[in-house]
6 protein chains.
Amino acid sequence: DFEHAFDDVKPAFGVSEVEMQRCLRGGIIHFSPFIDDILAEGKLMVQQVQQPDSTPLFSAILHGPPGSGKTALAAKIALESEYPLIKLCSPDDMVGFNESMKIEHMRRIFDNAYKSPLGVVLLDNIERIIEWVPIGPRFSNPVLQALMVLLKKDPPEGRRLLILATTGERSVLRQLDLFTAFDSDIAVPNVGGYQELSNILEQSGVFRNPQRAIDELKELSRGENVNVGIKKILLGIETAKQDRDMESRFANVVARARAQMGS
Amino acid sequence: DFEHAFDDVKPAFGVSEVEMQRCLRGGIIHFSPFIDDILAEGKLMVQQVQQPDSTPLFSAILHGPPGSGKTALAAKIALESEYPLIKLCSPDDMVGFNESMKIEHMRRIFDNAYKSPLGVVLLDNIERIIEWVPIGPRFSNPVLQALMVLLKKDPPEGRRLLILATTGERSVLRQLDLFTAFDSDIAVPNVGGYQELSNILEQSGVFRNPQRAIDELKELSRGENVNVGIKKILLGIETAKQDRDMESRFANVVARARAQMGS
Amino acid sequence: DFEHAFDDVKPAFGVSEVEMQRCLRGGIIHFSPFIDDILAEGKLMVQQVQQPDSTPLFSAILHGPPGSGKTALAAKIALESEYPLIKLCSPDDMVGFNESMKIEHMRRIFDNAYKSPLGVVLLDNIERIIEWVPIGPRFSNPVLQALMVLLKKDPPEGRRLLILATTGERSVLRQLDLFTAFDSDIAVPNVGGYQELSNILEQSGVFRNPQRAIDELKELSRGENVNVGIKKILLGIETAKQDRDMESRFANVVARARAQMGS
Amino acid sequence: DFEHAFDDVKPAFGVSEVEMQRCLRGGIIHFSPFIDDILAEGKLMVQQVQQPDSTPLFSAILHGPPGSGKTALAAKIALESEYPLIKLCSPDDMVGFNESMKIEHMRRIFDNAYKSPLGVVLLDNIERIIEWVPIGPRFSNPVLQALMVLLKKDPPEGRRLLILATTGERSVLRQLDLFTAFDSDIAVPNVGGYQELSNILEQSGVFRNPQRAIDELKELSRGENVNVGIKKILLGIETAKQDRDMESRFANVVARARAQMGS
Amino acid sequence: DFEHAFDDVKPAFGVSEVEMQRCLRGGIIHFSPFIDDILAEGKLMVQQVQQPDSTPLFSAILHGPPGSGKTALAAKIALESEYPLIKLCSPDDMVGFNESMKIEHMRRIFDNAYKSPLGVVLLDNIERIIEWVPIGPRFSNPVLQALMVLLKKDPPEGRRLLILATTGERSVLRQLDLFTAFDSDIAVPNVGGYQELSNILEQSGVFRNPQRAIDELKELSRGENVNVGIKKILLGIETAKQDRDMESRFANVVARARAQMGS
Amino acid sequence: DFEHAFDDVKPAFGVSEVEMQRCLRGGIIHFSPFIDDILAEGKLMVQQVQQPDSTPLFSAILHGPPGSGKTALAAKIALESEYPLIKLCSPDDMVGFNESMKIEHMRRIFDNAYKSPLGVVLLDNIERIIEWVPIGPRFSNPVLQALMVLLKKDPPEGRRLLILATTGERSVLRQLDLFTAFDSDIAVPNVGGYQELSNILEQSGVFRNPQRAIDELKELSRGENVNVGIKKILLGIETAKQDRDMESRFANVVARARAQMGS
Ligand SMILES: Nc1ncnc2c1ncn2[C@@H]1O[C@H](COP(=O)(O)OP(=O)(O)OP(=O)(O)O)[C@@H](O)[C@H]1O
Ligand SMILES: Nc1ncnc2c1ncn2[C@@H]1O[C@H](COP(=O)(O)OP(=O)(O)OP(=O)(O)O)[C@@H](O)[C@H]1O
Ligand SMILES: Nc1ncnc2c1ncn2[C@@H]1O[C@H](COP(=O)(O)OP(=O)(O)OP(=O)(O)O)[C@@H](O)[C@H]1O
Ligand SMILES: Nc1ncnc2c1ncn2[C@@H]1O[C@H](COP(=O)(O)OP(=O)(O)OP(=O)(O)O)[C@@H](O)[C@H]1O
Ligand SMILES: Nc1ncnc2c1ncn2[C@@H]1O[C@H](COP(=O)(O)OP(=O)(O)OP(=O)(O)O)[C@@H](O)[C@H]1O
Ligand SMILES: Nc1ncnc2c1ncn2[C@@H]1O[C@H](COP(=O)(O)OP(=O)(O)OP(=O)(O)O)[C@@H](O)[C@H]1O
Ligand SMILES: [Mg+2]
Ligand SMILES: [Mg+2]
Ligand SMILES: [Mg+2]
Ligand SMILES: [Mg+2]
Ligand SMILES: [Mg+2]
Ligand SMILES: [Mg+2]
């Protein structure tokens, strides 16, 4: 039964292409220069790990508000590395796993990675992996401890590894001493000014009158910034499509998402 | 024995018609325009998920006071979707399940749903599913974590899924970071003004003098609003039937229910 | 061994007559009009559940101070219902059961009840069933959750069920959100004024001079009310019988019980 | 192995004479009228339970400071009852038992008692049975719950049972709602005034000059009362015997015990 | 595997000579009259237990700061008793034992002791046996409870037992109600005045100029007392031997140990 | 499966040369006289344990900020001891081990060490071994207790053992009473003044203009000290190599690391 749980572990080597592509379903819209900076920083890390005389292990964490695009950007960096091994370690594949199964799952992913001369492991949503919940607070200490050790454990002689992680809970990770276990960190911001939003709406080609959508939103939310993640923006566009008055609907959905942010 | 526990899992595909109908035993009385708004909002979601170019997963939560009709309305939206797969995930079917059996039960329901091109899963009473209790507080973190992942996990290529959930504990869910894991939320109010109550009593056809019932209630409870869930109202009508002075009895039962609300 | 634990589960159908009678060993003394009110309210519930067009499930909880007669009155209501199935679910039958055995025990009792067209289940002393203890506080959350679901779960098509419960810890149940899970509640008071006590003493026929017993008690306890449960009163009469000066002994024992109440 | 644990359970029926006698190794010295009062109160309970028309279950708890003689007095009352069944349930016989073994052990003792027409069960040191420790605080809730139910559970038709318990932690038991679960309670005091101590020393016949021992103690401890349990007094006499200056040694040991009391 | 864990339990009867001698590796240096007092007090206990008419069980606890010589002195008392059975119960022999294995281990040691007409059991470092740690605080309640019962449980008819325990955490034991479970206690002090230290240095014969070592220490630590355990003093002498300037090194090491005491 | 977990335990005797070398991948740069002091102090301990007449067990802990070089220095001391047995006990080898597996792993390492006439055990990162996390706080008490006993348990007759441990959490260990369980402690500082940094940069031979790197860093961080661990400095040099403007990049990376220190 435990064994059974690992029946569907993906082939040991190679790239989890399909899974990575799914993280990128909405593409990468270059709505702000920040996006390019993040991808450039990622590229640098990819280069550094490749260097034969550098430390064989490098870890970075992408953090930012919910839906800001952390997973998509990490997947993008990983895919563009063109390393022979690219693995995703996601809570989605661990539903119903108990603590020791989770640790075993992660251990297998890293053991595979240690066999490749050059590899990337993407640890998605690590607060979910450690089962964090603010009431209590509670989390799985064994899983957290395993993560901490894996983040610091050198790959065997001649192997090189880049670890990319994502989280929406930077301060929690800091309190758990997990944040500083990373060699580097990258902040992923929300969609900020209205100009950025405008770029996205134009590119979507969905609205007849994008400016009206923005104007209505401005009125509803009264603030100089959009401050909503790209994911909610894209979802808002889809919800809007179902309505006759698409512009108003979009403004409504995004205004509501914005209000939730503050709560 | 564990296996045995799943003997009575319903046939994998299709619609849990009987179960859904049972949630609707009291029908849907259109005692207020709110009811229609809620059903309309539900319809919109049903449409959006059907759209082949939209995100394949959408989740919404119906929240409101006890007995306000959350389960009935969610069941109504699900049944009217006419999706080929409609599944109920209710604490009623998990009595005596331990944490891992609960998670396995949910996982099977979602796995079935992932096999249908288009499906609805109704997660009823999620505070009960996660075994929430305010003293402590306590809850099952593994079940909560499984829920959080299932709410965000995309169905496989080509499958589309609508998740409807109900809860009477919105603020608890918010503290658990579970509330914001939903794409959208719908508030379900109590029966509000006395006109709404009047609509219900008329439609029931049980009282000889509905106005007297309302007048007595007004006197007992001194307030501008009824503020009791439709479920308690319907139960009050039935209790009243046992008494000779039906009107007074009804007023009494509802006044007591109203007092409990505030406590 | 676990199986063995259920060897002595009573025959599935029918009435647990002997057990119910044992709850009524002291009979029901009509020492106050309250007693009749409680029995009448119970009768009404019995009628309502029988009504073919009413909701098939109704639950009520009898609450009051220790020894006030909650169990006896609930047993009386159940026996007088003359329903074909009457079952007692008592902590007495679960000594040494662990959480899952307790839940299984309750589940079996309800499963039996669901097979009868009309049934009563008496859940005695539910704070003891959930293993409540004020230090901590501690209780069995799995048992509590199972109770909460069983209290709300409709019996299958065509079956009707009345659930009667008793507790000495109303405020605890309220904090656990268990109290409001009942459709109705009935308060069971202590023996109140001295006239009520007088009624009881007369009826017992044990004392040569009941008034002296009462006068001595009044002196010892200085208060306008007796405020002791019927159970302690009856025990006090028995203890008194062992003494030569029965009246004084009785007054002493009851005064001590009264003092303990306040502590 | 679990089975093995019960290999040495004593023969089911009859009197645990040897064990009871061991509790009485120091005899019962009538150093104060209190002692006679306690034994008389115990006798009354023994009579009441024997009465065929009285309630078939009666429970009492002896409480007092450490070493005050609770266990010896309870054993005395039990032995003098001359009931056909007298059983001791002591933590001494449960070393290394886990929670369920403890409960099983108690359940067997009570099951045996339920088979005798008339029986006494002596629950010695119940704070130790429930594994109470003030830091935390911690205790075994399952064992506590089992105790609470056993204290209230009527023996079967025609059987009668007296339960005697001892504790050094009355206030703890009160907080646990365990104290009020008893029908009656008996306070066991320390050796109080110096006259009482004098009685004991005289009776022991060990000291050449008992008054000097008392005078030295008075000087050392400055207080009007001895306030030390009979058990420590008797131990002090034995320790004194090893010393040449017996009187001084005795005074020293008792003064130290007295100081510990206050701490 | 559990069985295996007990493979290396020492032969049941007899004296654990080797183990006891190892506790005494540094001998007993009579650097202060206190040392003789402690040994004398121990001798008295040994005599008392031997007395055929005394209570068959006596327990004492040696407490004091870390390294003050508690274990060595307890071993000395035990060895000099010349009882036919002398057993050591030390955390060293329980590394990796879980709670039930620890309790089983202790139970076996006591069961052996109960078979000898006269025996000593040395419970070394009981805060470590119960797994005490101040953060939380945490400890093993089952092990603590087993200890408490074993400390009070009389040996069988005709057997006599002396229990000696050691601890560095007197106040913790007091809070756990474990300290008062002992019949007597013996305080073991640090090396106190500089004269005592001088005695030790002289006797060691290691320093060419012991007075200089003491003078340097005085200068470093500014205080009227040495206040360091004999164990650290002896270790300091050894460390000093590695250095060319032995006197300074010694002063340094001891001053550091002294500073740690206060922290 | 448990057995399997120990399949890859290294050969029992001998030196874990490869593992030790890996801890020293960055070599030991003598950037400050402190480094030589630390190595000298280590040498002294190595000598002391070798002394046939000294105590056969000595333990020391190296503590300091993250990345300050604790593990490398401990490995250096161990390797230079030239003892016949040198063992590493690192959290890296215990990923996914549960508590009892961890304890078994440590026990095996010590059991091997006890078989060698002379040995060093390096316990790396002990806060990770005991699974410390500041939220809660949580840690494995059984593992902690095993460590505490192993730190104090003498090797068998004729064997001698040096225990070296490292930690980044001195104050935590102090609160757990683990710090004082060591016979000695060695502080490992960060790179301190800019002169020390200059030494390192010169020796690396990577920068064309090391002084500019230092000047930029000074400007960014405004403080008299570098206060960053040697590990981060070496990593910063590698990251810098990927950039065209190496000096600026280096200054940036180190300034960021410095800022994190304070957080
Ligand atoms: N510039 C962009 N950066 C990131 N994502 C983008 C961008 N442009 C479009 N997207 C799309 O937006 C979505 C971002 O969602 P993603 O799951 O990556 O966010 P997230 O921050 O990981 O969310 P969560 O907090 O729920 O984990 C993806 O579908 C992605 O394809
Ligand atoms: N307009 C309405 N909306 C909802 N329910 C209605 C309406 N009219 C009648 N009903 C009936 O009222 C009852 C509502 O009960 P339901 O169980 O749905 O409430 P709930 O809010 O889910 O309660 P709970 O808080 O206990 O979960 C159902 O029997 C339903 O058929
Ligand atoms: N009017 C009455 N109401 C209830 N019980 C009565 C009455 N008259 C006599 N009795 C007797 O008094 C006793 C009441 O005890 P019962 O166990 O029902 O009390 P309780 O409130 O359930 O106690 P507990 O708090 O311990 O559960 C029974 O023996 C019952 O037969
Ligand atoms: N009057 C007396 N009452 C009680 N015990 C007496 C009396 N006279 C002598 N003894 C002896 O004193 C001892 C009392 O010890 P006992 O174990 O009963 O005390 P305890 O209060 O149960 O102690 P603990 O608090 O440790 O449980 C017994 O050996 C008993 O024989
Ligand atoms: N007078 C003395 N009293 C006690 N020990 C002495 C004395 N003289 C020399 N020693 C030696 O000092 C050492 C004392 O160490 P011991 O382990 O007994 O101390 P401890 O208080 O038990 O330490 P810990 O707090 O670590 O348990 C032993 O090696 C012992 O042989
Ligand atoms: N003087 C030095 N002291 C220590 N390490 C040095 C020195 N010079 C160079 N190094 C190198 O610096 C690195 C120090 O890293 P090391 O892992 O020992 O630090 P650490 O303090 O143990 O880190 P952590 O806090 O993560 O456990 C090693 O690669 C080591 O070879
Ligand atoms: Mg993400
Ligand atoms: Mg509902
Ligand atoms: Mg009752
Ligand atoms: Mg006792
Ligand atoms: Mg010791
Ligand atoms: Mg390190």
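What counts as what
Residues numbered from 1 in each chain as written. Chains lettered and ligands numbered in written order. Predicted model: local features only at pLDDT ≥ 70, side-chain atom pairs only at ≥ 80, totals over all residues. Heavy atoms only, no water. Contact = heavy atoms within 4.5 Å. Domains from an automatic or database assignment. Buried area = accessible area lost by both parts, 1.4 Å probe. Nonpolar A, V, L, I, M, F, W, Y, C, P; charged D, E, K, R; others polar. Least-squares fit on C-alpha atoms with pLDDT ≥ 70 in both. Axes fitted to C-alpha atoms, helices over the stretch in contact; angles between N-to-C directions. Helix = DSSP H or I, 4+ residues; strand = E, 2+ residues; numbered from the N terminus. Parallel < 35°, antiparallel > 145°, perpendicular 65-115°, else oblique. Left-handed = near helix turned anticlockwise from the far one by under 90°. Buried < 20%, exposed > 50% of the residue type's maximum accessible area, 1.4 Å probe, protein only. Pairing = 2+ DSSP bridges. Near = heavy atom within 4 Å. Polar contact = N/O pair within 3.5 Å; in protein donor to acceptor, adjacent residues only side chain to side chain.

Undergrad: Describe the arrangement of the chains, and please don't skip the residues or the numbers.
TA: When C-alpha atoms are compared, chain C and chain F, though not in contact, are closest at a spacing of 18 Å. Note that chain D does not reach chain F: the shortest distance linking a C-alpha of one to a C-alpha of the other is 15 Å.

Undergrad: Would you mind going over the domain arrangement of chain A in detail, with residue names and values included?
TA: Residues and elements named next belong to chain A. Each assigned domain of chain A is listed here: domain 1 (2-187) and domain 2 (194-262). Placing a centre on the C-alpha atoms of domain 1 and another on those of domain 2 gives a separation of 31 Å. Each partner contributes residues to the interface: domain 1 has eight residues there, and domain 2 has nine residues. Summing the contributions of domain 1 and of domain 2, the shared interface buries around 780 Å²; its carbon and sulfur component is 72%. Ranking the residues of domain 1 by area buried against domain 2 places Ile29, Phe31 and Gly67 at the top, with a combined share of 67%. Residues that form the side of domain 1 that touches domain 2 fall into these classes: three nonpolar, five polar and no charged.

Undergrad: Could you give an account of the relation of the copies chain A and chain B, naming the residues involved and the relevant values?
TA: Superposing chain A onto chain B requires a rotation of 60 degrees together with a translation of 0.1 Å along the rotation axis, leaving an RMSD of 0.0 Å. Considering both components of the superposition, the chain copies are consistent with a six-fold axis. For chain A, the minimum C-alpha distance to the rotation axis belongs to Gly136 of chain A and amounts to 8.8 Å. When the interface residues of chain A are mapped onto chain B, a mere 12% of them are again interface residues, pointing to distinct binding faces.

Undergrad: Account for the packing of helix 3 (residues 33-50) of chain E against helix 4 (residues 70-81) of chain E, with residues named and values stated.
TA: Residues and elements named next belong to chain E. Helix 4 packs onto helix 3 with a crossing angle of 45 degrees between their chain directions and a minimal axis gap of 10 Å. Taken together, the axes of helix 3 and helix 4 are oblique relative to one another. Between helix 3 and helix 4 lies a crossing of right-handed hand. In contact with Ile35, Ile38, Leu39, Gly42 and Val46 of helix 3, helix 4 contributes Leu73, Lys76, Ile77 and Ser81. Here the residues of the contact of helix 3 with helix 4 are counted per class, giving six nonpolar, two polar and one charged.

Undergrad: Any chance you could break down the relation of the copies chain F and chain E for me, citing the residues and the numbers?
TA: Laying chain F over chain E is done by rotating through 60 degrees and shifting 0.0 Å along the axis; what remains is an RMSD of 0.0 Å. Each copy contacts the other with its own distinct surface, as only 8% of the interface residues of chain F are interface residues in chain E too.

Undergrad: Just give me the short version of the pairing of strand 4 (residues 160-167) of chain C, but keep the residues and values in it.
TA: All names here are of chain C. Burial within strand 4 is extensive, with eight of its eight residues counted as buried. Along strand 4, one buried face is formed by Arg160, Leu162, Leu164 and Thr166 and the opposite face, lined by Leu161, Ile163, Ala165 and Thr167, is buried too. Judged from the seven bridges that link them, strand 1 (residues 57-63) and strand 4 form a sheet pairing that is parallel. Bridge pairing links Ile61 to Ala165 in strand 4. Alignment of strand 3 (residues 118-123) against strand 4, held across six bridges, turns out to be parallel. What sits directly across from Val120, in strand 4, is Leu162.

Undergrad: Can you tell me about the site of ligand 1, naming the residues and giving the values?
TA: Neighbouring ligand 1 are 20 residues, the closest being Gly27, Ile29, Lys70, Thr71 and Ala72 of chain A. Flanking ligand 1 are residues from chains A and B. Within the backbone of Gly27 of chain A, a nitrogen or oxygen atom sits 2.7 Å from an oxygen atom of ligand 1. At 2.7 Å from an oxygen atom of ligand 1 is found a side-chain nitrogen or oxygen belonging to Lys70 of chain A.

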